[in-house]
Amino acid sequence: MATPFDEPSTLPYALPPFRDVRLEHFRPAFDAGTAEQRAEVEAIATDPAPPTFENTLVALERSGQLLARVSHVFFTLSSADSTPELHDLEAEVSPLLAAHRDAITLDARLYARVVAVLDSLPDRDHDDAALSAEDRRLVERVHTEMTLAGAGLDDAGKERLTAINQELSTLTTTFERNLLEDTNDLAVHVTDEAELAGLDDGAKSAAAGAAADRGLDGWLVTLPLYTGHPWLASLQDRGLRERIMRASLSRGRRGNEHDNRDVLLRIVRLRAERAELLGFPNHAAVVTADETARTPEAVAGLLSSLVPAATANADDERAVRSRTVGFDVASWDWAYATEVLRGEQFAADSSALRPYFEADRVLHDGVFHAANALYGLTFTERSDLHGYNDEVRVFEVRSDADEPVGLYLLDLYTRDGKRGGAWMNPVVEQSHLLGTLPVVVNNLNVAKPAAGSPTLLIQDEVETLFHEFGHALHGLIARTTYPRFSGTNVERDFVEFPSQVNEMWVSWPSVLANYARHHETGEPLPPELVLGLSDSAGFNEGFSTTEYLAAALLDQAWHRLSAAAAAEVTDVEAFERRALEDAGVAVEAVPPRYSSTYFAHTFSGGYDAGYYGYIWSEVLDADTVEWFREHGGLSREAGQRFAEKVLGVGGAQDPLEAYRAFRGRDAEVGPLLRRRGLE
Ligand SMILES: [Zn+2]
């Protein structure tokens with residue numbers, strides 16, 4: 001069967017021909033793509049010529065292009081625009097893809113060739129005319145990845161490893177599917193309008209729309225991925241707040257067919273078993289060996305050093321909030337009490353900001369404006385190009401020399417079939433070797449307003465848009481030879497760094513003044529609201545840091561279990577309680593940002609033993625924000641340096657070395673502590 005994936009797309013920037021893609025194309029394309037790459041790898045492995053960089057490493061980088069084309073489209077859809085049929089197909093192909101990857105990574109002949117090339121490299125300090133620094137890193141990275149994946153194991157070890165990987169692939173898909181379905185089921189149905197007091201009209205009509213979509217009367221409060229809900233900040237009805245919070249916390253642990261407890265226990269045990277097979281004490285040790293952190297001890301060192309100040313601040317914040325609202329603040333009251341307090345302290349609550357955050361204006365006059373001032377990029381909407389859904393917008397990105405840079409796709413709105421949260425993913429990866437320019441997608445989950453109404457963002461959504469666009473910039477500015485290194489293909493504990501840095505422009509005075517204008521009157525943001533935005537740095541950070549640390553420490557706790565210890569855990573809730581108490585982050589009014597049974601990052605999203613990475617990379621982020629402040633802020637010159645030394649390099653250089661080259665020294669933790677009020 002011919003499919004739209006057979007040949008590279010002929011659309012501008014090789015944008016996939018989404019409108020031609022049908023469900024029945026995927027399976028044959030996956031089969032053809034894996035067969036093609038198997039043949040390519042076989043040719044490399046059996047090449048009679050002695051192993052060289054060119055005939056082994058470069059040949060590997062060139063392989064699997066059909067598979068890459070279909071995979072990028074398939075996984076874009078399965079996360080952003082899925083259907084039950086697509087989910088079934090994902091469950092079917094995930095184990096096949098895992099087996100395919102394993103067959104390559106565990107190929108003993110291939111591994112022997114990589115080792116031979118590695119051994120033939122001259123010393124690092126030696127000038128090597130034949131290989132660039134990126135070439136050398138390609139050899140080292142492929143060797144590390146194959147070794148950690150088990151390429152050095154004997155046949156029995158490899159066989160067990162492959163079985164583990166296949167089962168894990170199925171389990172993580174099950175986890176995600178259970179979570180999506182339980183989250184849908186747990187949407188809170190409201191029939192008494194009085195309960196919605198405090199909610200603005202836009203949110204209300206979104207809730208009415210969500211109810212109507214499911215054929216229900218009244219209003220439906222659909223849940224985001226994390227603990228809690230953005231509307232808890234404005235809902236005045238304490239009972240409804242509690243219902244929403246309890247629904248959020250109960251996901252995946254209700255004893256129904258979407259229960260994730262046994263699924264995650266099995267995931268934890270298999271990961272621990274695999275780690276021992278590879279000669280590591282636990283899964284976290286395997287993961288960090290491939291990260292800039294290097295060891296779980298280094299991770300624990302940073303996280304635990306932040307706990308005492310964070311929880312002490314959270315306790316103080318709770319006392320202040322309880323006094324402010326006149327009752328004992330529970331988890332479901334926290335956001336509400338914080339808003340009341342914010343109103344008192346900064347003369348405005350955050351809902352006062354929304355009329356100034358019209359989505360299109362934020363995008364063009366905020367996000368794109370900052371990228372233009374820093375990196376010289378321009379963005380032109382291409383209504384002649386199409387995404388995978390009519391709600392996806394396509395922008396052409398060009399440099400200030402009017403050279404083509406790539407395409408940026410934005411999919412702003414929430415819908416059934418889109419997973420929770422916000423993210424960036426590449427659809428085409430930049431590579432000089434393959435002659436490709438980047439095509440990247442940003443997904444958010446903004447509630448769609450009623451027809452004819454403007455999309456007004458809350459502050460959190462504005463920050464999320466800038467954040468995700470930071471990932472997009474990482475992809476767009478990439479200029480690496482090998483696709484393996486392009487853009488966000490860096491160590492996982494480094495990947496959040498560029499996106500976090502991009503958040504600094506949200507409240508940068510000249511950027512804010514440019515985008516924050518009243519959607520009806522065009523008036524700029526009143527000075528007292530601007531003051532609230534900038535003065536509120538450090539505000540509520542005890543809470544935010546504690547809920548984050550609790551999740552990060554929980555992720556570490558599950559993955560620092562030995563295989564024997566993991567086999568003994570049978571009660572998910574008890575383990576979770578104990579882990580939080582042991583780490584000193586069991587604060588009743590501040591539940592973890594994600595609890596185990598809905599912790600998609602760690603059980604299905606590829607952040608296993610890696611959720612710590614957000615704060616690990618925030619050390620670099622805060623240090624970089626300080627650098628920008630010292631070097632002219634929003635300037636083309638400063639942006640150019642950051643683009644050249646960090647963003648463009650991707651994973652082609654050791655990230656901490658790249659950072660040193662950019663900053664002139666290693667990152668310091670002081671700016672992070674000051675920013676979060678943890679000194
Ligand atoms: Zn991110």
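For the structure given in this document, a descriptive report is provided here. Values in this document were obtained by computation on a predicted structure and should not be read as measured data.

Describing empty space enclosed by the protein
Thinking step 1. Per the stated rule, a full pass over the model turns up two cavities of 30 Å³ or more.
Thinking step 2. Roughly 40 Å³ of internal volume is contained in the second largest cavity.
Thinking step 3. If you go around the second largest cavity, the residues you meet are Met 424, Pro 426, Val 428, Glu 429, Gln 430, Pro 438, Gly 475, Ser 486, Gly 487, Thr 488 and Asn 489.
Thinking step 4. Broken down by element, the residue count for the lining of the second largest cavity peaks at three residues, all from strand β6 (residues 423–428).
Thinking step 5. By residue class, the composition of the lining of the second largest cavity is four nonpolar, six polar and one charged.

Considerations on the nonpolar core
Thinking step 1. Core analysis: the biggest nonpolar cluster contains 114 residues, and Tyr 375, Tyr 408, Trp 505, Tyr 515 and Trp 558 have the highest contact counts within it.
Thinking step 2. Excluding its chain neighbours within four sequence positions, the residues that come into contact with Tyr 375 are Leu 473, Ile 477, Arg 636, Gly 639, Phe 642, Ala 643 and Leu 647.

Focus: the sheet that holds β6
Thinking step 1. Pairing is mixed in the open sheet, where five strands are placed in the order β3-β4-β5-β7-β6. At either margin of the open sheet sits one strand with a lone partner, and together these are β3 (378–381) and β6. Taking the axes of each pair of neighbouring strands and ignoring which way they run, one obtains an average angle of 25 degrees across the sheet.
Thinking step 2. In terms of strand pairing, strand β4 (residues 393–398) meets strand β5 (residues 404–413) through six bridges, oriented antiparallel. Paired with Phe 395 across the strands is Tyr 408, a residue of β5.
Thinking step 3. Of the strands in this sheet, β5, β6 and β7 (439–446) touch helix α3 (residues 65–80), which is tilted by about 155 degrees from β6.
Thinking step 4. Running over the sheet, helix α15 (residues 459–477) touches β3, β4, β5, β6 and β7 and is turned about 170 degrees from β7.

Notes on the coordination of the zinc ion
Thinking step 1. Of the protein atoms, only His 467 (NE2), His 471 (NE2) and Glu 496 (OE) coordinate the zinc ion, at distances of 2.0 to 2.1 Å.
Thinking step 2. The sequence pattern describing where the donors of the zinc ion fall on their chain is H-x3-H-x24-E. Pair noted here: His 471 is in helix α15 and Glu 496 is in the loop between α15 and α16 (497–502), with a separation of 25 residues, a long-range link.
Thinking step 3. By relative accessible area, His 471 is classed as buried at 7%.
Thinking step 4. Note on Glu 496: relative accessible area 3%, which makes it buried.

So, how was this worked out
Just so you know, the residues in each chain are numbered from 1, in the order the chain's sequence is written. Where totals are concerned, whole chains, interfaces and linings use all residues; where local detail is concerned, this predicted model gives features only for residues with pLDDT of at least 70, and gives and counts side-chain atom pairs only at 80 or more. Remark: hydrogens and water are excluded; side-chain values derive from all non-hydrogen atoms of the structure. With a 1 Å grid laid over protein atoms only, a set of points is called a cavity when a 1.4 Å probe fits there but cannot get out and a pocket when it is open yet has protein on both sides within 12 Å along at least five of seven lines; lining residues have an atom within 4 Å of a point. Grid points are joined across faces, edges and corners, and a volume is the space filled by probe spheres set on the points. Counting from the N terminus, the helices are DSSP H or I runs at least four residues long and the strands are E runs at least two residues long. Classes in brief: Ala, Val, Leu, Ile, Met, Phe, Trp, Tyr, Cys and Pro nonpolar; Asp, Glu, Lys and Arg charged; the others, Gly included, polar. The set of buried Ala, Val, Leu, Ile, Met, Phe, Trp, Tyr and Cys residues whose side-chain atoms join them within 4.5 Å is what this entry labels a nonpolar core. Burial classification: accessible surface area is computed with a 1.4 Å probe over protein chains only, and a residue below 20% of its type maximum counts as buried, one above 50% as exposed, and the rest as partly exposed. A contact between two residues is defined here by any heavy atoms of the two lying within 4.5 Å. Each pair of strands is called paired provided DSSP finds at least two bridges between the two strands. As a rule, the C-alpha atoms of each element are fitted with a line to give its axis, helices using only the stretch in contact, and angles between N-to-C directions run from 0 to 180 degrees. In this description, a donor is an N, O or S atom within 2.8 Å of the metal centre, a cutoff extended to 3.2 Å for sodium, potassium and calcium. Water is not part of the atom list, which can make sites seem incomplete.

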